[in-house]
Amino acid sequence: MFYCNIKNGRAACSSDLETTERERPNQQNGTFIVSDNLPFIDRRKHMTKKLEAPPQLVVNSTPEQSRLRINLGKKKNSAHLSRVSKQVVLRADIHSKTVPERDGAGKKELIRDVQVEILKGDLVALLGGSGAGKTTVMNCLNGMDQRGVTGTVSFCGRDLYQNFDQIKRMIGSVPQQNELHTMLSVEEELKEAAVIRLPAETKSKEIKKRVDDTIHTLKLDAVRKSKISKLSGGEQKRVNIGIELVADRLLLCLDEPDAGLDPASKRELFTILRDLAHKRDKSVIVIIHDVAEIALFDKVIMMAKIDNVGRLAFSGSPQDAKRHFGVEDLRDAYTIIAQEPERFLSK
């Protein structure tokens, strides 16, 4: 269980790993619980687990990274935290990621020297040519594949790998292939996802509110009663995202959500993801190949393949990426990197 304690106008978060029984919260000392036990579904194994969840908001950045203003509301024991500058949600310094060779003799290195920061409220494009390590980087950042990783990955200031059972509730991973019950309606699918992911004691009214908010955010109002099998490809992609969004994830990781969509549907999808990041303070990382709508993104992470190892070539804004590679169209960066990959290694 995680706690947030407010003293002298400052907020500090802790967990059962750091807090003794004597120090745990009570109403008398002004401490309040940020979150309690929540369910987690492993979509890959279709199993439901009960775990201790991380806080809805972690205040663990340096004064330079984040300044907080606490406005105590009229309601007893309530507090509103408003952020002046963006908080670092995810920070990674991955030295290497290796896997055993198929013949069992030695190890194969997949990525090397990847340093990135993901801020709260940012829409991030993860780019790179075939074999550059995009999916590997994504699975290291979201904690889905920790084997053979040397270095550190922190989530809101906490070591992601060491505290993964507690933190994973705040991270949603959306696969490229839709995982949907095609005979259910949009509303039924999202309600089922909410029931599985939210605490057992969650009231029906709250579940309905979450489902309604998700449908509205993803612009699915017109098809909420329609069976998923009758939806367009773009609408099905949005329902797939909604399965994670309905559980109010802080970080969303999407693997090529635009695959198979026409240009108009791609732009609509990326616009929705940008609004999700900017208006709801979610951090969203998206693996993409088509950079036609790259201007909608806040940040670009570009990977390059050098000697069969994925390396970081650039991390920054789309405009800075164009200047870095000396191109007007970021699509041309792929050709330049292929010709001189080592020239653009991130220092």
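As a reminder, the structure under discussion sits directly above these lines.
So, here is what we can say about the structure in this document.

Calculation rules
- Residues numbered from 1 in each chain as written.
- Predicted model: local features only at pLDDT ≥ 70, side-chain atom pairs only at ≥ 80, totals over all residues.
- Heavy atoms only, no water.
- Axes fitted to C-alpha atoms, helices over the stretch in contact; angles between N-to-C directions.
- Helix = DSSP H or I, 4+ residues; strand = E, 2+ residues; numbered from the N terminus.
- Parallel < 35°, antiparallel > 145°, perpendicular 65-115°, else oblique.
- Left-handed = near helix turned anticlockwise from the far one by under 90°.
- Contact = heavy atoms within 4.5 Å.
- Phe/Tyr/Trp six-rings, centres within 6.5 Å; stacked < 30°, edge-to-face > 60°.
- Buried < 20%, exposed > 50% of the residue type's maximum accessible area, 1.4 Å probe, protein only.
- Core = buried A, V, L, I, M, F, W, Y, C linked by side-chain atoms within 4.5 Å.
- Pairing = 2+ DSSP bridges.

Orientation of helix 3 (residues 186-197) relative to helix 5 (residues 233-245), taken along the N-to-C sense of each, is 25°, at an axis distance of 9 Å. Relative to helix 5, the element helix 3 is oriented roughly parallel. For the element pair helix 3 and helix 5, the recorded crossing hand is right-handed. Across from V186, E189, L190, A193 and R197 in helix 3, the residues of helix 5 making contact are V239, G242, I243 and E244.

If you walk through the whole model with that rule in mind, you get two aromatic pairs. Residues F270 and F297 carry aromatic rings whose centres are separated by 5.3 Å and whose planes lie at 65° to one another, so their mutual orientation is edge-to-face. With a gap of 27 residues between them, F270 in helix 6 (residues 263-280) and F297 in the loop between strand 15 (283-287) and strand 16 (299-306) connect regions that are remote in the sequence. On the basis of relative accessible area, F297 is assigned to the buried category, the value being 3%.

Attention now goes to the nonpolar core. Ranked by size, the top nonpolar core spans 52 residues in total, and within it L273, F325 and L330 carry the most contacts. Top element by residues in this core is helix 6. It accounts for six residues.

Below, the discussion takes up the sheet that holds strand 10 (residues 123-128). Sheet architecture is open: ten strands sit in the order 12-11-8-9-17-16-10-15-14-13, paired in mixed fashion. Two strands close off the open sheet at either side, each with one partner strand: strand 12 (158-159) and strand 13 (171-174). Note: strand 14 (residues 251-255) against strand 15, five bridges, orientation parallel. Paired with C253 across the strands is I285, a residue of strand 15.

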